[in-house]
Amino acid sequence: MPNQKWDYEVFWKEVTNTIRHEISEQEYVMWFNNMEYSSSAEEEIRLSVPSSFYKDQVSKRYLPFIEEKLFELSGQPVKISFTVKAKSKTSSSEEKKTAAKEKEKKPAPKVIKTHPRLNSEYSFEKYVIGENNSFAANAAFAISKNPGTAYNPCLIYGGVGLGKTHLIQAIGNQAYNEFSTMKIVYVTAEEFTNEFILSIKEKSSHKFKNKYRKVDILLVDDIHFLPGKVETQEELFHTFNALYDANKQMVFTCDRPVSELKALSDRLRNRFERGLNVDLQPPSFETRIAILKQKIENKNVDIPDEVIELICKNITTNVRDLEKALTKLVAYADLVNKKITLEIAQRQLQDFFTQPSQKNISLDLIQKVVADYFGVSSNDLKGKKRTKAIAFPRQVAMFISREITEYSTTEVGLDFGGRDHTTVMHACQKIENTQKTDPTLEPTIQHLIRMIREYKINN
Ligand code: ADP
Ligand code: MG
């Protein structure tokens, strides 16, 4: 039998055209612009997508709709399959161009009105988009334009200094300018907790409930503060339900995926996991350069490109630290009234650049930080138990030990309760494989590594 050549590309085009008219522009740009038709097979269209996160989200949101449309068009069931296209390391300048184009397409209007609780500096205009944050930034922008519709609730998670507060406040700033009658409340989880406790003490919980259950947009920053606070969680749970039922927008931020928050009630966790969960990852070198240049624009100082590159090469995991380094340099140049040169920068920023010597990081410290994060003890990691709740953190700790220290697999094994070096090798392999299938694991590991290094610097 001759090979039948299947070609459903035209159907795919037709489907995307239909969808474009049925969902908002932001939503379309976010999910369909990065999805490519790659080939057809018998009763199957193969698409390529940039990540498994993307694949999961698109499947959840649009697959039934797409397959139904395909059936209508072709008169037969046509399935969709996805291939995750590995990110090409060399294409970062391409990515930057796309990001820049995206930005051009939908310039965010300048924030003119200032919300009393929000920092007007935290706008979309000043938020540099790179491939590390484009999902989150696009979703945030879409939310600010259509609160309470597409992504409700939305949870943005990522490590320290990666732009969570900037982004959640940008939503508030943008919506505040866009919808003058909307009531927008921004609060950190800590402030929410304190206010709630005070309202009980002062017997004014009615006022408290009124404030939070009658908003159009509720922005709660840093919900990793909530674990262990049982009554506050209960209150937030009821607030959530009231707002959710009324189609009011909620956005939360957290320093890790909620699945990893200890001592959080299951029902509240379940609420946070509804809607869209997006992560912020550390920015690439190019994005760091773009961010610094953006920050410099506001400062009205002359800093040579080679100095910018020096900073971006040395500070890799935290945008806040990039900014701090810049501020320090500018302050110094002001003080001594000198132009900033490479030599000056190198001397002045020495402290920022010295990563703690890798060999100085003890396996004890790694075990402590990882155990604490997962809510188990260091002794558990060294012990015999092999339940998943302990085996997984143990594998993560072994993996990190190999990543950031010079200890051999034999030494690591010995320190983890006298285990064999092959166990360590197996653990590292396992974590590497899991990273490929679970997009939340790599940011978690990066977060832990940062915590370990920061602990080392501060102690
Ligand atoms: P987080 O809340 O995640 O700890 P922040 O939102 O406070 O981080 O960000 C730290 C600093 O870095 C802020 O001054 C913020 O403006 C800046 N920043 C982070 N990401 C970006 C970005 N993509 N573009 C511009 N500035 C950024
Ligand atoms: Mg923050």
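All residue numbers refer to position in the chain's written sequence, counted from 1. Chain letters start at A and ligand numbers start at 1, both assigned in the order the entries are written. Residue-level local features of this predicted model are given only where pLDDT is at least 70; pairs of side-chain atoms are given and counted only at 80 or more, and the full residue set underlies all totals for whole chains, interfaces and linings. To obtain the side-chain values, all non-hydrogen atoms of the structure were used and water was disregarded.

1. Let's talk about the overall build of the chain
Move 1: Secondary structure elements are taken from DSSP: a helix is a run of H or I of four residues or more, a strand is a run of E of two residues or more, and numbering for both begins at the N terminus. Secondary structure summary: the chain contains 21 helices and eight strands in total.
Move 2: Any residue under 20% of the maximum accessible area for its type is buried, any over 50% is exposed, and the rest in between are partly exposed; the area is computed with a 1.4 Å probe on protein chains only. Taken over 459 residues, the chain has a buried fraction of 47%.
Move 3: Contacts spanning at least 24 positions in sequence make up 74% of the contacts within the chain whose residues lie at least 6 apart.
Move 4: With the model as given, the accessible surface of the chain reaches about 23300 Å², and the carbon-plus-sulfur share is 49%. A contact between two residues is defined here by any heavy atoms of the two lying within 4.5 Å. For the accessible areas, the method is Shrake-Rupley and the probe is 1.4 Å, while residue cover comes only from the protein chains on display.

2. As for the environment of Ile 217
Move 1: Residue placement: Ile 217 occurs in strand E6 (residues 217–221).
Move 2: Overall, Ile 217 belongs to the buried group, its relative accessible area being 0%.

3. Some points on the pairing of strand E7 (residues 249–254)
Move 1: With six of six residues buried, E7 lies mostly within the body of the structure.
Move 2: By the alternation rule, side chains of E7 split into Gln 249, Val 251 and Thr 253 and Met 250, Phe 252 and Cys 254, which are all buried.
Move 3: Strands were regarded as paired on the criterion that DSSP finds at least two bridges between them. Bridging between strand E4 (residues 154–158) and E7 involves four bridges; their strand directions are parallel. The residue of E7 that forms the bridge with Cys 154 is Val 251.

4. As for the packing of helix H18 (residues 388–404) against helix H20 (residues 421–437)
Move 1: The N-to-C vectors of H18 and H20 enclose an angle of 100°; their axes lie 8 Å apart at closest approach. By the angle between their axes, H18 is roughly perpendicular relative to H20. Along the contact surface, H18 presents Phe 392, Gln 395, Val 396, Met 398, Phe 399 and Arg 402, while H20 presents Thr 423, Val 424, Ala 427, Cys 428, Lys 430, Ile 431, Glu 432 and Gln 435.
Move 2: Its residues placed into classes, the contact of H18 with H20 shows eight nonpolar, three polar and three charged. Convention adopted: a line fitted to C-alpha atoms gives each axis, helices being fitted over their contacting stretch, and angles between N-to-C directions are expressed from 0 to 180 degrees. What sets the label is the angle itself: under 35 degrees gives roughly parallel, over 145 gives roughly antiparallel, 65 to 115 gives roughly perpendicular, and the rest give oblique. Only Asp, Glu, Lys and Arg are considered charged in this grouping, and only Ala, Val, Leu, Ile, Met, Phe, Trp, Tyr, Cys and Pro are considered nonpolar; every other residue, Gly among them, is considered polar.

5. Concerning the confidence of the model for the chain
Move 1: Every residue is assigned a pLDDT by the predictor, reflecting its confidence on a scale from 0 to 100. For the chain, per-residue confidence averages 87 on the pLDDT scale, and residues scoring 70 or more make up 90% of the total.
Move 2: Per-element confidence in the chain is highest for E6, whose mean pLDDT is 98, and lowest for helix H4 (residues 92–105), whose mean pLDDT is 49.
Move 3: Taken as a whole, residues 87–92 scores under 50 in pLDDT and shows three contacts with residues more than four places along the chain or in a different chain.

6. Brief notes about the sheet that holds E7
Move 1: Across the sheet, five strands lie side by side as E5-E6-E7-E4-E8; this open sheet has parallel pairing. Across the chains shown, the open sheet's two edge strands, defined by having one partner strand only, are strand E5 (184–188) and strand E8 (276–280). Neighbour-to-neighbour, the strand axes of the sheet open up by a mean angle of 15°, direction not taken into account.
Move 2: Here E6 runs beside E7; their pairing, made up of four bridges, is parallel. Opposite Leu 219, over in E7, you have Val 251 as the bridge partner.
Move 3: The sheet strands contacting helix H6 (residues 164–178) are E4, E5, E6, E7 and E8, and the helix crosses E6 at an angle near 165°.

7. Here's the deal with the site of ligand 1
Move 1: Neighbouring ligand 1 are 18 residues; Gly 161, Lys 164, Thr 165, His 166 and Glu 323 lie closest to it.
Move 2: Polar contacts, as used here, are pairs of N or O atoms within 3.5 Å; protein pairs need one atom able to donate a hydrogen and one able to accept it. Residues neighboring in sequence count only if both atoms are side-chain atoms. Here an oxygen atom of ligand 1 and a backbone polar atom of Gly 161 are 2.7 Å apart.
Move 3: Take Gly 163: an N or O atom from its main chain is 3.0 Å from an oxygen atom of ligand 1.
Move 4: Protein burial of ligand 1: of its 550 Å² of free accessible surface, 94% is covered by the chains.
Move 5: Domain limits in this description derive from either an automatic procedure or a database domain assignment. Summarising the domain contributions, the shell around ligand 1 has at least three residues from each of domain 2 (134–280) and domain 3 (285–354). We call a residue near a molecule or strand whenever a single non-hydrogen atom of that residue lies within 4 Å of it.

8. Considering the pattern of salt bridges
Move 1: The term salt bridge refers to a pairing of a side-chain nitrogen on Lys or Arg with a carboxyl oxygen on Asp or Glu at a separation within 4 Å. Applying the stated criterion across every chain yields a total of 18 salt bridges.
Move 2: The residue Glu 178 makes a salt bridge to Lys 145 at a minimum N-O spacing of 3.3 Å. Separated by 33 residues along the polypeptide, Glu 178 in helix H6 and Lys 145 in helix H5 (residues 134–145) bring together distant segments of the chain.
Move 3: Ionic pairing is found between Asp 302 and Lys 339, a salt bridge with its closest N-O pair at 2.8 Å. Remark: Lys 339 occurs in the loop between helix H13 (319–336) and helix H14 (342–348) and Asp 302 occurs in the loop between helix H11 (285–299) and helix H12 (305–314); sequence separation between them is 37 residues.
Move 4: Here the salt bridges share partners, and the residues they tie into one network are Lys 209, Arg 213 and Glu 235.

9. Details of empty space enclosed by the protein
Move 1: In this analysis a 1.4 Å probe is tested at points of a 1 Å grid over the protein atoms alone, and where it fits but cannot get out there is a cavity; an open set with protein on both sides within 12 Å along at least five of seven lines is a pocket; lining residues have an atom within 4 Å of a point. Grid points are joined across faces, edges and corners, and a volume is the space filled by probe spheres set on the points. Overall, the coordinates contain one cavity of 30 Å³ or more when judged by the stated rule.
Move 2: Taken as a whole, the largest cavity spans an internal volume of roughly 80 Å³.
Move 3: Listing elements by their share of the lining of the largest cavity, those giving two or more residues are E4, E8 and helix H21 (441–458).
Move 4: Ranked by residues supplied to the lining of the largest cavity, first place goes to H21 with five residues.
Move 5: Looking at the lining of the largest cavity residue by residue, the class counts come to seven nonpolar, five polar and four charged.

10. Quick notes on helix H10 (residues 266–273)
Move 1: Listed in full, the buried residues belonging to H10 are Leu 268, Arg 269, Arg 271 and Phe 272. Down the axis of H10, the sector holding all buried residues measures 160°, keeping them to one side.
Move 2: In the core, the buried residues of H10 are packed alongside E4, helix H9 (230–245), E7 and E8.
Move 3: After H10 finishes, the residue Gly 275 shows a positive phi value of roughly 70°. Think of the arc as the fan of directions from the helix axis to the C-beta atoms.

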